[in-house]
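# Secondary and tertiary structure notes
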There are 4 protein chains.
Amino acid sequence: MNKKYKLMEHTYRLVISCPDKVGIVARVSQFIAEYGGWLTEANYHSDAENQWFFMRNEIKAESLSLGLGEFRAAFAKLAEQYQMQWYIRDSTERQRVVILASHASHCLADILHRWHSEELYCDIPCVISNHENLRSMVEWHQIPFHYVPMNKDNKEQAHQQIQQMIADHQAESVVLARFMQIIPPALCTKYPGNIINIHHSFLPSFVGANPYQKAYERGVKLIGATSHYVTEQLDQGPIIEQDVIRVNHRHNKDDMVRLGKDVEKAVLARALRNHLEDRVIVHGNKTVVFD
Amino acid sequence: MNKKYKLMEHTYRLVISCPDKVGIVARVSQFIAEYGGWLTEANYHSDAENQWFFMRNEIKAESLSLGLGEFRAAFAKLAEQYQMQWYIRDSTERQRVVILASHASHCLADILHRWHSEELYCDIPCVISNHENLRSMVEWHQIPFHYVPMNKDNKEQAHQQIQQMIADHQAESVVLARFMQIIPPALCTKYPGNIINIHHSFLPSFVGANPYQKAYERGVKLIGATSHYVTEQLDQGPIIEQDVIRVNHRHNKDDMVRLGKDVEKAVLARALRNHLEDRVIVHGNKTVVFD
Amino acid sequence: MNKKYKLMEHTYRLVISCPDKVGIVARVSQFIAEYGGWLTEANYHSDAENQWFFMRNEIKAESLSLGLGEFRAAFAKLAEQYQMQWYIRDSTERQRVVILASHASHCLADILHRWHSEELYCDIPCVISNHENLRSMVEWHQIPFHYVPMNKDNKEQAHQQIQQMIADHQAESVVLARFMQIIPPALCTKYPGNIINIHHSFLPSFVGANPYQKAYERGVKLIGATSHYVTEQLDQGPIIEQDVIRVNHRHNKDDMVRLGKDVEKAVLARALRNHLEDRVIVHGNKTVVFD
Amino acid sequence: MNKKYKLMEHTYRLVISCPDKVGIVARVSQFIAEYGGWLTEANYHSDAENQWFFMRNEIKAESLSLGLGEFRAAFAKLAEQYQMQWYIRDSTERQRVVILASHASHCLADILHRWHSEELYCDIPCVISNHENLRSMVEWHQIPFHYVPMNKDNKEQAHQQIQQMIADHQAESVVLARFMQIIPPALCTKYPGNIINIHHSFLPSFVGANPYQKAYERGVKLIGATSHYVTEQLDQGPIIEQDVIRVNHRHNKDDMVRLGKDVEKAVLARALRNHLEDRVIVHGNKTVVFD
């Protein structure tokens, strides 16, 4: 469960969003430089329409003359002055990510393989599913598998059970790997910007159930997938990543389901990677993705 | 206006759709072979769900021992037996295509260049626009330009004028090259499956006006364009071709408009080419595209 | 090892290539129709330059009034007349595919998951590798894993051992899932058009070893992968499928390796699926792929 | 020739490359902030392997308390200290771009339309061609067209004539819009990083003449185009942009030529736009493209 990872470059990621003003880059980069901070990557975005500023600085850990605690204390004053929403995270700190799955295996198998082959840097304290069929696959990865049956009579109880499990495992993020169940508002509220869904359509087309059936009926020439943060509004949350694949008249609904799987898992994997590397900043109902 | 084209391969295109049955390919190909017909291309599609069959045969003209008129007469009996909707067209016969444009130049310029450089094989008897700004570009191509001003008071009259012009020019097909005006039902009815529109979104997302603004507001990570046949239902007709381009948080609405232009013109050009080569068959609200 | 698959549509696939002549489609489709054969899919290609004809007919098994043996006997005469290279295969017959892997897991894991989730229809009698690290993953799928160590001193012996294993397992096709070892000529000769490799570049760019390093050094803006049939000429065999992914100045060689994995596995999976569905016909050093 | 452009945002673009050190961002952004400079866009790249740093700052012109001349004088000291290669350019200053074309019209028509519709911001003082056929198209845009016939006997003289014309028109950049002639070393040397070519293959595949023929013969499943800066080594210069399009067995060489045109013009247009917006920095034989 707590895998040994290949040596990852040890950096601190300073992520900021705030009202746009003259001199923010200067102040922040000066602050970093003052303590010897060597930038390995720096991304800035100024949203002219909303007058908002976004920033991600990746700083070589060993170059910095102060620790993370001291940095936070020292930076707080500057942050307050510019009304920043901000955080700094140690790249070697593994986020705890709970995965919710259902019957379909493709997204879960893809994430587990990326995790197992050390491409995704996180801990997966458990996988929760409303079906038993993926238990063996999950347990082979030495990850606990929790079965929470769901039916129309026990929805609320199951929701509470899942929410408790997520809390017990101290998850920071939750991935819905084709979970196919509506997430209760309480959970959305508890982990804002930290629950990642994969929807099997190119949103906002085909919101809700059976998007491939709808795509087939409309006769579209491309099908897609969308990874987004979950909010209380179904399929309306901030989009992190999307992609499409070409289809034609020879493809029936089952072909679309099959072809769509490859897009779904690729889109979810890219979204999750960017999320784990602190490259995604939510602002309103949109995302800035510094990839 | 009647350009001299490079020698195009002289073929006959036999296009068929009918209820699916055993032996259609055999009967049709036997019929063709009987008269010495050499197939340079053959496409078949059996729609299992709707039990419908689609077929496009391209036959080397010189190989056929009978002329087009005789072929039609001889084939009619077979066609009736299988309840076929069908036609056969000489590849060297240029369809007459009237283009309707508005203020934006990109799609029109693209089509005109493809036509001028002999990539699109058709006649363009005229371009009709509700703006004057593209007159010089059109006339440089030696194509007549008709200005039909449109405002909220003269809609009906302008529609009639346009419809008359299309009829006078004996158009078989009409291309809406970002015409941006709703086509009157009478016109839709008169040229079913022959009026091609380019919509600046990945339909069914963002139907109607201002799709880029809507795409910007929703924060999508891909924008697209859709070419479809026009029906009385706005943006609901059979889709011929679609494509997308990646955008990100740095792109504002104007950037999307600019990037979208390249997708729009590419999608429209591919749709139009397939239409002119008799590669598109409409069935219900979908298309079979034998490209 | 011999998985139970979901009910697959029961068809016969008749695959043909021969010199082009008038009337082939008519003769073949008439032959099929004579025995009541219902075509669920039909593909034809006439290569004008080489005057060669390619054909794939998928026939509903239950519609045919004769069995496969009788069909073969009856068709042989027609085939001889047209100098056809041809075969007919039962869609429910699972090809036996031996996979050769090395240390890298991504392609193998991808194929195994597609096979396990019944997306790839074949038997995998064993996986052979020159490393031990993937044994547990393979064995979880209940597939035998054979370890054949290879070093500069035992190459020939290892080659013979592998060849013997492939023969013992009665493999029809061999997949090199990033095997990274040159295949001995004897093996290439024994399974022509049945050994599928995935090369981690957009061939013919970056033939041979370390393509990502070379791509990085050249500063390309796209990296790719190529699946091809193995011949005695390294990385020169007929290409089945290729794809690319965008990279930029921020990606170092390790990033390219990581991003490339997703292209490699997607390209290999598509090639293998088409191969197993008898959609690939080799002619000279090229392929016709009826997908 | 000197078009009136729509109001373009008035900015200064400060473009820098230098050996990587701690504190560069801080020093530069502090310098900018000191004079009130408002960053509308900022891009940074640290090349870890080569220990080199790249930076592009776009500064709102009206926010800066000093003019361009003063800025240059003041910044020179800082630049020297960090051994910077740098320049600052006014966004409203139109670069002078001479286009060299041959017989093929697609790239030239595409650039001219983008320029005419104010999508490309530059002056085009003239088009030079070794064929007469595009004169009328160029002159319609009110751009002088110079015909310089080239044959095997007059190469050197023609080269000198072209070089003289480029100098006379005070060109800063030169675009080879499918010019199809080798550029003399003297010209390459005179405009390093300012001569942009479009090669009709996915380099480094198919260097030199007839890439589509070679692609056809190799049986590739994707064809591409590459825009690069011209150096003395044929098709070996730093790559700015590349893209591909899917082909299959049905496409012969002429189809590839036709399909390739769309990729060529799109790739060249993107490369040119980035070049004109000072988004491309050459380092060694590679480019950093801040798009």
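Cut-offs applied
Residue positions are given per chain, counting from 1 as you read along its sequence in written order. Chains and ligands are labelled sequentially in the order written, the chains with letters from A and the ligands with numbers from 1. With the structure being a predicted model, the display of local features is reserved for residues of pLDDT at least 70 and the display and counting of side-chain atom pairs for 80 or more, all residues being used for whole-chain, interface and lining totals. Counting from the N terminus, the helices are the DSSP runs of H or I reaching at least four residues and the strands are the DSSP runs of E reaching at least two. We compute the radius of gyration from the C-alpha atoms alone; for a globule the expected value is 2.2 Å times N to the 0.38, where N is the number of residues. Exposure classification rests on a simple neighbour count of other C-beta atoms within 10 Å of a residue's own: a residue reaching 20 or more is buried, one at 12 or fewer is exposed, and one in between is partly exposed. C-beta atoms are placed from the backbone. Throughout, a pair of residues is in contact if the C-beta atoms placed from their backbones lie within 7 Å. All axes are obtained by fitting lines to C-alpha atoms, using only the stretch in contact for helices, and the reported angles, taken between N-to-C directions, cover 0 to 180 degrees. These descriptions rest on fixed angle ranges, namely under 35 degrees for roughly parallel, over 145 for roughly antiparallel, 65 to 115 for roughly perpendicular, and the rest for oblique. Should the near helix be turned anticlockwise from the far one by less than a right angle, the crossing is termed left-handed; should it be turned clockwise, right-handed. In this comparison the copies share one frame, found by least squares on the C-alpha atoms of residues holding pLDDT of at least 70 in both. By convention here, the domain bounds are inherited from an automatic or database domain assignment. Should DSSP find at least two bridges between two strands, the strands are taken to pair. Think of it as three bins: nonpolar holds Ala, Val, Leu, Ile, Met, Phe, Trp, Tyr, Cys and Pro, charged holds Asp, Glu, Lys and Arg, and polar takes everything else, Gly as well. In plain words, the nonpolar core is the set of buried Ala, Val, Leu, Ile, Met, Phe, Trp, Tyr and Cys residues that C-beta atoms within 7 Å link up.

## Focus on the overall build of chain A
Helix and strand content of chain A: eight helices and 13 strands. A compact globule built from 291 residues should have a C-alpha radius of gyration of about 19 Å, and chain A, at 20 Å, falls within 12% of that. A principal-axis box enclosing the C-alpha atoms of chain A has dimensions of 60 × 40 × 35 Å. Burial statistics for chain A: of 291 residues in total, 43% are counted as buried. At a minimum sequence separation of 6, the contacts of chain A that also span at least 24 residues come to 68%.

## Thoughts on the packing of helix 3 (residues 106–116) of chain D against helix 8 (residues 253–276) of chain D
Residue and element names in this part refer to chain D. In the contact formed by helix 3 and helix 8, the axes pass within 9 Å of each other and the chain directions differ by 45°. Classified by the angle their axes make, helix 3 and helix 8 are oblique. Both helix 3 and helix 8 take part in a crossing whose hand is right-handed. Contact residues: helix 3 offers His-106, Cys-107, Asp-110, Ile-111 and Arg-114, while helix 8 offers Lys-261, Glu-264, Lys-265, Leu-268, Ala-269 and Leu-272.

## Quick notes on the relation of the copies chain C and chain D
For the pair chain C and chain D, the best superposition has an RMSD of 0.0 Å and corresponds to a rotation of 180° with a translation of 0.0 Å parallel to the axis. Taken together, the rotation and translation relating the two chain copies correspond to the operation of a two-fold axis. Considering only C-alpha atoms, the residue of chain C closest to the rotation axis is C:Ser205, which sits at 2.4 Å. Of all interface residues in chain C, 100% are interface residues in chain D too; the two copies therefore contact each other through one and the same surface.

## Re the domain arrangement of chain A
Residue and element names in this part refer to chain A. Taken domain by domain, chain A comprises domain 1 (11–90) and domain 2 (97–289). Between the C-alpha centres of domain 1 and domain 2 the distance comes to 31 Å. Contacts between domain 1 and domain 2 engage eight residues on the former and five residues on the latter. Going through the elements one at a time, strand 1 (11–19) and strand 3 (52–60) are the ones with two or more residues in the side of domain 1 that touches domain 2.

## Let's talk about the pairing of strand 10 (residues 222–229) of chain C
Residue and element names in this part refer to chain C. Of all eight residues that make up strand 10, eight are buried, and the element is covered over most of its length. Here strand 9 (residues 195–199) pairs with strand 10 via four bridges, running antiparallel. Pairing of Ile-196 across the sheet is with Tyr-229, part of strand 10. Relative to strand 11 (residues 239–246), strand 10 runs antiparallel, the two being bridged by seven bridges. Counterpart to Ile-223 in the pairing with strand 11 is Ile-245.

## As for the relation of the copies chain A and chain B
Expressed as a screw transformation, the operator carrying chain A onto chain B has a rotation angle of 180° and an axial translation of 0.0 Å, and the superposed copies differ by an RMSD of 0.0 Å. The residues that chain A uses at the interface reappear at the interface of chain B in 100% of cases, marking a shared surface.

## With respect to the environment of A:Pro185
Of note, A:Pro185 is situated in helix 6 (residues 185–190). The exposure class assigned to A:Pro185 is exposed, which follows from the 12 C-beta atoms found within 10 Å.

## Points about the packing of helix 7 (residues 211–218) of chain C against helix 8 (residues 253–276) of chain C
Residues and elements named next belong to chain C. Look at helix 7 against helix 8: their axes get within 9 Å of each other, and the N-to-C directions meet at 125°. Compared by their axis directions, helix 7 and helix 8 come out oblique. For the pair helix 7 and helix 8, the sense of crossing is right-handed. Contacts between helix 7 and helix 8 involve Tyr-212, Gln-213, Ala-215 and Tyr-216 from the first element and Lys-253, Met-256, Val-257 and Gly-260 from the second. For the contact of helix 7 with helix 8, a count of residues per class yields five nonpolar, two polar and one charged.

## Notes on the sheet that holds strand 7 (residues 145–147) of chain A
All names here are of chain A. Overall, mixed pairing links the seven strands, which are arranged 7-6-5-8-9-10-11 in an open sheet. On the outer flanks of this sheet lie strand 7 and strand 11 (239–246), each paired with one strand and no other. Mean inter-strand twist for the sheet, computed between neighbouring axes without regard to direction, equals 15°. Where strand 5 (residues 97–101) and strand 8 (residues 173–177) come together, five bridges link them in parallel fashion. From the neighbouring strand, Ala-101 faces strand 8, where its bridge partner is Ala-177.

## Thoughts on the sheet that holds strand 11 of chain C
Residue and element names in this part refer to chain C. Within the open sheet, the seven strands sit side by side as 7-6-5-8-9-10-11. Their pairing is mixed. Strands at the two margins of the open sheet, each flanked by one partner only, are strand 7 (145–147) and strand 11. The mean angle between the axes of side-by-side strands here comes to 15°, regardless of whether they run parallel or antiparallel. Pairing of strand 8 (residues 173–177) with strand 9 involves three bridges; the strand directions are parallel.

## Regarding the nonpolar core
In terms of nonpolar packing, the biggest core is built from 320 residues, with A:Ala177, B:Ala177, C:Ala177 and D:Ala177 touching the most fellow members. For this core, the element with the most residues is helix 8 of chain C, which contributes nine residues.

## Let's talk about helix 1 (residues 24–34) of chain A
Buried residues of helix 1 of chain A: A:Ile24, A:Val25, A:Ala26, A:Val28, A:Ser29, A:Ile32 and A:Ala33, and no others. Looking at the buried side of helix 1 of chain A, the elements it contacts are strand 1, strand 2 (39–47) and strand 3 of chain A together with helix 1 (24–34) and strand 2 (39–47) of chain D.

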